[in-house]
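Structural overview for review
One letter stands for each residue in the lines below.
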Amino acid sequence: MSRIALLFFALFASIMMTFAVPVPVANGELVNVERRITHVGRGTWFYPGLGNCGNVNTSNDLILAIGKGLYDRNGGGNCGQYVEIVNVANGKTAYGLTEDSCQSCGDNDIDMSPALFQKLSTLGTGQIQVSWHFMAKGFQP
């Protein structure tokens, strides 16, 4: 009988510990944990203009567009947030500012301005595999 009680107690304690996992909070509000996720996907380039974040950018600006689905789920909350990008093939790293969304991109893909793409590869490459993640809000490279 005591073994069964001990088993139920251990099971109950395990369940309660699961619910007690800390949630990141800053100033009484949940912290966006999206920046902790490292995405691996396709990196492409585009000619920027007026982006979904409301700013006009040129090909010389170090900006990027995230997938439309991710942009919509975050309510555009990543606008103005820097992203660290690594070209998986050669290890080159660059930072770009989120200024737009990309209709043809999945959640793990990004579309970069020509100036940003050229920090990682040549424009003639067209598409590269990238690893990327959001930096903390307020980060400046």
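What comes next concerns the included structure. Everything quoted here is computed from the prediction, not taken from an experiment. (Residues numbered from 1 in each chain as written. Predicted model: local features only at pLDDT ≥ 70, side-chain atom pairs only at ≥ 80, totals over all residues. Heavy atoms only, no water.)

1. Here's the deal with the pattern of salt bridges
Side-chain pairing between opposite charges can occur once the charged atoms of the two side chains come close. Under the defined criterion, the tally for this structure stands at 3 salt bridges. Notably, a salt bridge pairs Asp 109 with Arg 42, separated by 3.4 Å at the nearest N-O pair. Taken together, the residues Asp 109 in the loop between strand 6 (93-102) and strand 7 (110-112) and Arg 42 in strand 3 (residues 39-45) connect sequence positions 67 residues apart. In this structure, the salt-bridge partner of Asp 72 is Lys 68, at a minimum N-O distance of 2.9 Å. (Salt bridge = Lys/Arg side-chain N within 4 Å of Asp/Glu carboxyl O. Helix = DSSP H or I, 4+ residues; strand = E, 2+ residues; numbered from the N terminus.)

2. Observations regarding the nonpolar core
Residues Leu 64, Ile 66, Ile 85, Ile 110, Met 112, Val 130 and Trp 132 are the most contacted members of the largest nonpolar core, which totals 17 residues. Ranked by residues supplied to this core, first place goes to strand 8 (residues 127-134) with 4 residues. Discounting residues that sit within four places of it in the chain, Met 112 has contacts with Gly 43, Thr 44, Trp 45, Phe 46, Ile 63, Leu 64, Ile 85, Phe 117, Leu 120, Ile 128 and Val 130. (Core = buried A, V, L, I, M, F, W, Y, C linked by side-chain atoms within 4.5 Å. Buried < 20%, exposed > 50% of the residue type's maximum accessible area, 1.4 Å probe, protein only. Contact = heavy atoms within 4.5 Å.)

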